[in-house]
Amino acid sequence: MAEVILMPRLSDTMTEGVIAAWHKKVGDPVKKGDLLAEIETDKATMELESYKDGTLLHIGGDKGAKINVDDLLAIVGAPGEDISQHLSAKPAQSAEPKVENTAPQQPPTNGQQAPASQSQTPEPKPQTGIDLTKMEEVVLMPRLSDTMTEGVIAGWHKKVGDEVKKGDVLADIETDKATMELESYKNGKLLYQGAQPGEKIAVNDLLCIIGEEGKVDVNAIVAASKGGAQNIEQTNKEQLNEDGNTATAAAQPQTANSEPQTASDGRIKASPLAKRLAQEKGIDISKVQGTGDGGRITKTDIDNFKPSAQPQPQAVAATAQPIKQSTNQQTAGQEGHTDTPVSQMRKIIAKRLSESKFGAPHFYLTMEINMDNAMTARVQMNEVSDVKISFNDMIVKATAMALRKHPAVNSSWMGDFIRQYQHINVGVAVAIEDGLIVPVIKFADQKTLSQIAAETKELAGKARNKKLQPNEFSGNTFTISNLGMMDIEEFTAIINPPDSAIMAVGRIKEIVVKKGDGFGVSNVMKITLSCDHRSVDGAVGAGFLQTFKKYLENPVTMLV
């Protein structure tokens, strides 16, 4: 059956996307994970992958065309399949986004209960006709990274009932690659939150509702987001307070208690991210006051926590911490285990690297490089450089210059063709708590060592604090993974798609070598190049490493 692909919202403020390039043409076979197109948003140019197998039957616009978010982008299905119904289908229009009193009055039907605050208003049309994507009041979960399928609410900056202005930060969204701030793009009052801190929302699902209180049928919107009119009655019951006024159930408990809330079993109510941050910062979470729903502790509470300003915790909170600690202590002669939930980042790492390892035929080339001259040159350069230059910065520069002379390595396997890039963007793998992320040094061959050092330091800091923006971790054409600082002598790395190669860098070590009539000590470093044999042959990879070695063993050649 044909699958319709709509234009995704690739940034929090995106309303339309421009087709920068198609990587498949109509009639081409498409596999799950294949790159379909490059979409230019208001913030970056990002890659769109197919999420099913089949044949590309239709494209919604040629290169340069603008397509609104959630409009038809492409259709993938079986060869020769009739897609006329998808081409003629129009997006569902909102039946009545705002229920007005001017329509003819009709009683509720099918046992459906009308909201008490609008008991004299007509019954809304079937909610399956509401198109949430066309409603100003609705904020859907944006796709904040090129591989994001769902986001985790790290924390809300606004609570239900708060006034919101355009540009205000609504929430922190944890994606598979970073925690990013989501700004409001309209003025109004926050009427509904689609999830609590720590909960997941799929891309394009209902995140929140912002509008003018009393003029937005929150119940109808929420019911439509959950699957249609059959859910309205339950939604109404959940969201009507005792006075019959429309309200969210989450808004009530927020003023009930400002002290840390505990569940019936004595556990502290806190989001997973808040618990992790508290552990990292050495904060006793039982002493943190939660500002989330029902007193739930969020990321913001941990960030704003000041020990001196906190009151003494309740007795039940004071006893909760030892209980938690005792579960982590190993008892002699007793078996045990700990289950750790998989983060969004770890899920994507597992998916992408599995596809790379088992989809791309890897082969490996290892070379030993004499680092004596590099060590001497680094000392001299740091005497005049404003920023400290590391060996890794020198490796990035040598790599970029070698790629300029060996463009076949600076490429991607595209299925029916090999794409060689004219630009050189070197990704530098950075280990963070949740896994691995690859900030990208754009146009690395055109930058000085000092510029590379400064940019690498800045991007690595952003990566560890989960502050990288999509354009800072996308667009790589080659990747470097360095474990030398962890005393690893030699290893192999899995290719980082869509690259054709990745270089694994080991530590610099001293070895005894013959010098003249006697013996001396030299400093050597081993590197291993992992290549995709579909686009890079053995001789091509070897030639690249020889050029790389010349640059690194004689660093002055990188400066002229």
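Placed above this text is the structure.
Conventions and cut-offs
Residues numbered from 1 in each chain as written. Predicted model: local features only at pLDDT ≥ 70, side-chain atom pairs only at ≥ 80, totals over all residues. Heavy atoms only, no water. Axes fitted to C-alpha atoms, helices over the stretch in contact; angles between N-to-C directions. Helix = DSSP H or I, 4+ residues; strand = E, 2+ residues; numbered from the N terminus. Parallel < 35°, antiparallel > 145°, perpendicular 65-115°, else oblique. Left-handed = near helix turned anticlockwise from the far one by under 90°. Contact = heavy atoms within 4.5 Å. Nonpolar A, V, L, I, M, F, W, Y, C, P; charged D, E, K, R; others polar. Expected span 1.5 Å × (residues − 1). Buried < 20%, exposed > 50% of the residue type's maximum accessible area, 1.4 Å probe, protein only. Phe/Tyr/Trp six-rings, centres within 6.5 Å; stacked < 30°, edge-to-face > 60°. Lys NZ or Arg CZ within 6 Å of the ring centre and 35° of its normal. Core = buried A, V, L, I, M, F, W, Y, C linked by side-chain atoms within 4.5 Å. Pairing = 2+ DSSP bridges. Salt bridge = Lys/Arg side-chain N within 4 Å of Asp/Glu carboxyl O.

Visitor: Would you mind showing me how to read the packing of helix α9 (residues 391-405) against helix α10 (residues 449-464) here?
Guide: Helix-helix packing is described using two parameters, namely the angle between the two axes and the distance between the axes. Running from N to C, α9 and α10 point in directions that differ by 120 degrees, and their axes come no closer than 9 Å. One finds that α9 runs oblique with respect to α10. Considering how the two elements wind past one another, α9 and α10 form a crossing that is right-handed. From α9, Asp393, Met394, Val396 and Lys397 reach across to α10, where they touch Leu449, Ile452, Ala453 and Thr456. In terms of residue class, the contact of α9 with α10 is made up of five nonpolar, one polar and two charged.

Visitor: Explain helix α11 (residues 538-553) to me, please; I cannot follow it from the model alone.
Guide: Because the α-helix completes a turn every 3.6 residues, residues three or four places apart line up on one side. For α11, built from 16 residues, the straight-helix expectation of 22 Å at 1.5 Å per residue is met to within 8% by its first-to-last C-alpha distance of 22 Å. Taken together, the buried positions of α11 are Gly541, Gly543, Phe544, Leu545, Thr547, Phe548, Tyr551 and Leu552. Of the surrounding secondary structure, the elements contacted by the buried residues of α11 are β17 (362-370), α8 (372-384), α9, β24 (478-482), β25 (501-515) and β26 (518-532).

Visitor: Help me out: how do you make sense of the environment of Tyr551 in this one?
Guide: Inspection of the secondary structure puts Tyr551 in helix α11. On the accessibility criterion, Tyr551 (10% relative accessible area) is buried. A sequence separation of 149 residues divides Tyr551 from Ala402, and the C-alpha atoms of the two residues are 7.9 Å apart. Ignoring sequence-local partners within four residues, the contact set of Tyr551 consists of Ala398, Met401, Ala402, Lys405, Thr557 and Met558.

Visitor: What is the right way to look at unusual backbone geometry in this model?
Guide: Negative phi values dominate among residues other than glycine, just as trans dominates among peptide bonds. Following Pro497, the chain continues into Pro498 via a peptide bond in cis, with omega recorded as 5 degrees. If you trace the backbone, Pro498 turns up in the loop between β24 and β25. Of note, Asn204 is a non-glycine position whose phi angle comes to about 75 degrees, a positive value. A residue is classified by how much of its surface remains accessible, and Asn204, at 25% relative accessible area, is partly exposed. Its identity is not glycine, yet Asp487 carries a phi of approximately 70 degrees, on the positive side.

Visitor: Is there a simple way to think about α10 in this case?
Guide: Its 16 residues give α10 an end-to-end C-alpha distance of 22 Å, which sits within 8% of 22 Å, the value for a rise of 1.5 Å per residue. Three or more residues of α10 are buried, namely Leu449, Ile452, Ala453, Glu455, Thr456, Leu459, Ala460 and Ala463. Buried residues belonging to α10 abut α8, α9, β21 (430-432), β22 (435-437) and β23 (440-441). Lys466, located one to two residues past α10, shows a positive phi value of around 55 degrees.

Visitor: Would you take a moment to explain the packing of aromatic side chains for this structure?
Guide: What describes a pair of aromatic rings is the distance from one ring centre to the other and the angle between the planes of the rings. Across all of its chains, the model carries two aromatic pairs by this definition. Consider the rings of Phe478 and Phe544, whose centres lie 5.6 Å apart with planes at 50 degrees: the pair is tilted. You can see Phe478 sitting in strand β24 and its partner Phe544 sitting in helix α11, a full 66 residues away along the chain. No difference in accessibility class separates Phe478 from Phe544, as the two residues are buried. Here the aromatic residues Phe478, Phe544 and Phe548 are joined through ring pairs into a cluster of three or more. The ring of Phe391 carries the charged tip of Arg378 above its face, separated from the ring centre by 4.7 Å.

Visitor: Help me understand the nonpolar core, please; the structure alone is not making it clear to me.
Guide: Here is a general trend for soluble globular proteins: nonpolar side chains tend to be buried in one another's company. Core analysis: the biggest nonpolar cluster contains 53 residues, and Phe478, Met503, Ile527, Leu529, Phe544, Phe548 and Leu552 have the highest contact counts within it. Element by element, the count of residues in this core is highest for α9, at eight residues. By size, the runner-up hydrophobic cluster in this structure holds 19 residues, among which are Val164, Ala171, Ile173 and Ile210.

Visitor: Before we go on, may I ask you to explain the environment of Asn68 in this structure?
Guide: Following the sequence through the fold, Asn68 ends up in strand β7 (residues 66-68). Through-space distance from the C-alpha of Asn68 to that of Pro8 is 8.9 Å; in sequence the pair is 60 residues apart.

Visitor: Would you mind going over the side chain of Ser184 with me for this structure?
Guide: With respect to the secondary-structure elements, Ser184 resides in the loop between β13 (179-183) and β14 (188-193). Residue classification places Ser184 among the buried residues on the basis of a relative accessible area of 5%. Other than its neighbours up to four places away in sequence, Ser184 contacts Val164, Lys165, Lys166, Gly167, Asp168, Leu170 and Ile210.

Visitor: Got a minute to help me understand the sheet that holds strand β9 (residues 138-140) in this structure?
Guide: Each strand in a sheet pairs with its neighbour through backbone hydrogen bonds, running either in the same direction (parallel) or in the opposite one (antiparallel). The strand order β9-β16-β14-β11 describes an open sheet built from four strands, whose pairing is antiparallel. The open sheet terminates on both sides in strands that have one partner only, identified here as β9 and β11 (163-164). Pairing of β11 with β14 involves two bridges; the strand directions are antiparallel. The partner of Glu163 across the bridge, within β14, is Lys189.

Visitor: Would you explain the pattern of salt bridges in this entry?
Guide: Opposite charge on two side chains permits pairing when their charged atoms draw close. A full pass over the atoms with the stated rule returns 18 salt bridges. For the salt bridge of Glu355 with Lys351, the shortest nitrogen-to-oxygen distance reads 3.2 Å. Placement of both Glu355 and Lys351 in helix α7 (residues 344-359) is noted, with a separation of four residues, approximately one turn of the helix. We classify Glu355 as partly exposed; its relative accessible area is 36%. Taking relative accessible area as the criterion, Lys351 reaches 36% and is therefore assigned partly exposed. Among the ionic pairs, Arg534 bridges to Asp532, the shortest N-O distance being 2.8 Å. One network of salt bridges, in which partners are shared, links Glu163, Lys189 and Glu213.

Visitor: How do you make sense of the packing of α9 against α11 when you look at a structure like this?
Guide: Two elements in contact, α9 and α11, have axes separated by 9 Å at closest approach and are oriented at 135 degrees. Compared by their axis directions, α9 and α11 come out oblique. Here α9 and α11 pass one another in a crossing that is right-handed. Contacts from Met394, Ile395, Ala398, Thr399, Met401, Ala402, Leu403 and Lys405 in α9 reach Phe544, Thr547, Phe548, Tyr551 and Leu552 in α11. The residue inventory of the contact of α9 with α11, partitioned by class, reads 10 nonpolar, two polar and one charged.

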